[in-house]
Amino acid sequence: MRVRGMEQEPTEFAEFYESTREDCLRIVLLNVGDLHLAQDLVAEAYTRAWVSWRKVRALEVPTAWVVRIALNTHVSWWRRRRREVALGDHDTATLVEQATVVSGDLLAAPRRLTARQREVVTLRLLLDMDTETTARVLGIAPGTVSAHLHQAVAKLRAAIPSHYGQEICK
Amino acid sequence: MNDSDTVDVVRDSLTAAKESLVGIHVDAPLDTIVSNGRARRRRHRVTGLTGAVAGTAGMALAVTALASSGHPAGQSGHSVSHPLTARLAAWTVAKQVNGDVKITIRELSDPAGLQSTLRADGVPANVSSSTQIDPSCQAYPMTQALFASIYDAQKGVGSGNTVLVIRPSALPGGAGVQIGASADGRAGDGGLHQVANGNQAVHQSVHHVATLTDNTVLRVGLVYASQQCTGS
């Protein structure tokens, strides 16, 4: 029985990967603003999802787990990067490529949020999860989710006033 | 505008921003994810087994055992009890549509795995954890132009990872790639060195590319392709 279960895992994970990876990449890219970095983070998150697939597949929203792992890895990565040595002008090349993909206040706005605010915004608004589910996934109280969302939305609103104007006129 | 309206507007704006990110793709194929995951599981098992054995001999011995199992506590300060947390895969390989092979390298652990992955992608390759040329290999003379036509290296912003792109189509007939990393920490060896080869000036076949996140120095070069050296 165990062997049969193991045989089903690859197909199930493959379907999950193929159906969710592009959306996860866009969400992570929106949060980190660097395509190479986002690709690495998403690949790492899916690798961890594969390793823990039996646990991940049983979650309410497996995609949320993948995105959270990617974003949390990013936080750890930034902390470690302070101790790393840059490689001269190679950095510039990636920034140029990045600028062609991600630009403008709207795309930059999520990166001005705190890590927790980004998590809440990502789960509540980009993955369209309700407050209770978001609270369970993050392990915090629903009221805390609402508070973080309120603060995040206020920051985002200030960062993207022109887009608000367009929406209000609808 | 009340809170609910504001949330709706921000949601619409972010969704529009997300949807505007067209033409981007996860470049890691499923096979790479799965093979890296399998390697990770194997390492977990080895670490767990080593830790269990070492646990019977006391904490000091356990630390030594874990450190020697291929997952050092690390220069980044991670604790030995969580050697894999907050670390990206050591490397990933993704074959591009145009035939180029993109390697994202954090550190050059499991060189044999990288070598077999590259060979499976059609790249005659010899990968080792040192920059000493494999005794079964013979260095292939390389010019600056040849190097530039085959290799392209970038350092990812924020990640510290090195992205190395190999263009197999630019490899001369009978040549293969050689990748190694040394722990000598010499980061200033950024240039090619001219050496004599009969009447023709050629360049040393190994070139420093980047300092990896584990402070080893990644070097690439060319070797004569052979069954023993590059697998084909």
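Per chain, residues are indexed from 1 in the order of the written sequence. Chain A is the first chain written and ligand 1 is the first ligand written, with later ones labelled in order. With pLDDT at 70 or above as the cut-off, local features in this predicted model cover only qualifying residues; side-chain atom pairs require 80 or more to be listed or tallied, and sums for whole chains, interfaces and linings still use all residues.

Novice: Go over the overall build of chain A, please, and point to the residues and values.
Specialist: Secondary structure is summarised from DSSP: a helix means a run of H or I of at least four residues, a strand means a run of E of at least two, and numbering begins at the N terminus for each. Within chain A one finds 10 helices and 0 strands. Sequence-ordered secondary structure for chain A, helices as α and strands as β, is α-α-α-α-α-α-α-α-α-α.

Novice: With reference to specific residues and values, describe the overall build of chain B.
Specialist: Check the secondary structure of chain B and you find 6 helices and 10 strands. Three exposure classes are used. Buried residues have 20 or more other C-beta atoms within 10 Å of their own C-beta, exposed residues have 12 or fewer, and partly exposed residues fall in between, all C-beta atoms being placed from the backbone. With 232 residues in all, chain B has 38% of them scored as buried. The contact rule is simple: place each C-beta atom from the backbone, and if two of them lie within 7 Å, those residues are in contact. Taking all contacts inside chain B whose residues are at least 6 apart in sequence as the whole, residues at least 24 apart take part in 59%.

Novice: Could you give an account of the confidence of the model for chain B, naming the residues involved and the relevant values?
Specialist: All names here are of chain B. Per-residue confidence for chain B averages 69 on the pLDDT scale, and 63% of its residues sit at or above 70. Within chain B, the element-level pLDDT minimum falls on helix α3 (residues 59–67), averaging 33, and the maximum on strand β3 (residues 125–128), averaging 90. Along the chain, pLDDT gives the predictor's confidence residue by residue, from 0 to 100. Within the model, pLDDT remains below 50 along residues 53–87, and this stretch shows 42 contacts once partners closer than five positions in the same chain are excluded. With pLDDT under 50 throughout, residues 185–203 is counted as low confidence; its partners more than four residues away or in other chains account for 25 contacts. Across the interfaces of the predicted complex, the ipTM metric reaches 0.71, alongside a pTM of 0.50.

Novice: For helix α2 (residues 35–51) of chain A, give the residues involved together with the corresponding values.
Specialist: Helix length check: α2(A), at 17 residues, gives a terminal C-alpha distance of 24 Å against a target of 24 Å (1.5 Å per residue), a fit within 8%. For α2(A), a buried count of 17 out of 17 residues is recorded, marking the element as mostly surrounded by other parts of the structure. One less than the number of residues in a helix, times 1.5 Å, gives the span that helix is expected to have.

Novice: Can you explain the pairing of strand β1 (residues 91–95) of chain B? Please cite residues and give values.
Specialist: Residues and elements named next belong to chain B. β1 sits mainly inside the fold: 5 of its 5 residues count as buried. Going residue by residue along β1, you find Trp91, Val93 and Lys95 tucked away on one face and Thr92 and Ala94 tucked away on the opposite face as well. When DSSP finds two or more bridges between a pair of strands, those strands are recorded as paired. Two successive antiparallel strands, β1 and strand β2 (residues 101–105), enclose a turn made up of 5 residues, where Gly99 displays a positive phi of approximately 95°.

Novice: Go over the nonpolar core with me, naming the residues and quoting the values.
Specialist: By size, the foremost hydrophobic cluster in this structure holds 80 residues, and its most contacted members are A:Val28, A:Ala38, A:Val42 and A:Tyr46. Per element, the largest residue contribution to this core is 11 residues, and it comes from α2(A). In this structure A:Tyr46 touches A:Tyr17, A:Arg21, A:Val66 and B:Ile33, once residues within four positions along its chain are discounted. For the purposes of this analysis, a nonpolar core is taken to be any set of buried Ala, Val, Leu, Ile, Met, Phe, Trp, Tyr and Cys residues that are connected through C-beta atoms within 7 Å.

Novice: Tell me what's going on with helix α1 (residues 3–20) of chain B, and back it up with residues and numbers.
Specialist: Residues and elements named next belong to chain B. The terminal C-alpha atoms of α1 lie 26 Å apart, and with 18 residues this matches the ideal 26 Å at 1.5 Å per residue to within 8%. Burial in α1 covers these residues: Val9, Val10, Ser13, Leu14 and Ala17. The buried residues of α1 occupy an angular sector of 130° when the element is viewed end-on, so they sit on one face. α1 presents Ser4, Asp5, Ala16 and Glu19 as exposed residues on the side facing more than 90 degrees away from its buried surface. An arc is given here, and it is the one of the directions from the helix axis to the C-beta atoms.

Novice: Describe the environment of B:Leu114, listing the residues and the values that go with them.
Specialist: Residue and element names in this part refer to chain B. Here Leu114 lies in helix α4 (residues 111–120). Leu114 sits in the buried class, given 21 other C-beta atoms within 10 Å. Sequence-wise, Leu114 and Val93 are 21 residues apart; in three dimensions their C-alpha atoms are separated by 7.9 Å. Contacts of Leu114, omitting those with residues within four sequence positions, involve Trp91 and Val127.

Novice: Tell me about the environment of B:Ile105, and please be specific about residues and values.
Specialist: Residue and element names in this part refer to chain B. As for its placement among the helices and strands, Ile105 is situated in strand β2. Taking the C-beta count within 10 Å as the criterion, Ile105 has 25 such neighbours and is therefore assigned buried. Separated by 58 residues in the primary sequence, Ile105 and Val163 place their C-alpha atoms 6.3 Å from one another. If sequence neighbours within four positions are ignored, Ile105 has contacts with Trp91, Asn161, Thr162, Leu164, Leu212 and Leu218.

Novice: Lay out the confidence of the model for chain A with the relevant residues and their values.
Specialist: Residues and elements named next belong to chain A. In the predicted model, chain A carries a mean pLDDT of 76, and 70% of its residues have values of at least 70. Per-residue pLDDT, averaged within each element of chain A, yields its smallest value for helix α5 (residues 90–101) (37) and its largest for helix α3 (residues 53–56) (92). Counting contacts from residues 1–6, a segment whose pLDDT is below 50, to residues more than four positions away or on other chains yields 0 contacts. In the model, residues 163–170 has pLDDT below 50 throughout and makes 6 contacts with residues more than four positions away in sequence or in other chains.

Novice: Please set out unusual backbone geometry residue by residue, giving values where relevant.
Specialist: A negative phi angle characterises most non-glycine residues, just as the trans form characterises most peptide bonds. All names here are of chain A. Of note in this structure, Asp128 is not a glycine but carries a positive phi near 60°. As for its placement among the helices and strands, Asp128 is situated in the loop between α7 (115–126) and α8 (131–138). For Asp128, a count of 11 C-beta atoms within 10 Å corresponds to the exposed category.

Novice: Can you break down the packing of α8(A) against helix α9 (residues 142–159) of chain A residue by residue, with the values?
Specialist: Packed helices, taken two at a time, are described by their axes: the angle between them and the distance between them. Residues and elements named next belong to chain A. Between α8 and α9, the shortest axis-to-axis distance is 8 Å and the interhelical angle comes to 100°. In this view, α8 runs roughly perpendicular relative to α9, as classed from their interaxial angle. When α8 is examined against α9, the residues Thr131, Glu132, Thr134 and Ala135 are found in contact with a partner set consisting of Pro142, Val145 and Ser146. Classification convention: Asp, Glu, Lys, Arg as charged; Ala, Val, Leu, Ile, Met, Phe, Trp, Tyr, Cys, Pro as nonpolar; all other residues, Gly among them, as polar. Among the residues making up the contact of α8 with α9, the classes are represented as 3 nonpolar, 3 polar and 1 charged. Lines fitted to C-alpha atoms define the axes, with helix axes restricted to the stretch in contact, and inter-axis angles between N-to-C directions lie between 0 and 180 degrees. When describing relative orientation, an angle under 35 degrees is termed roughly parallel and one over 145 degrees roughly antiparallel, while 65 to 115 degrees is termed roughly perpendicular and anything else oblique.

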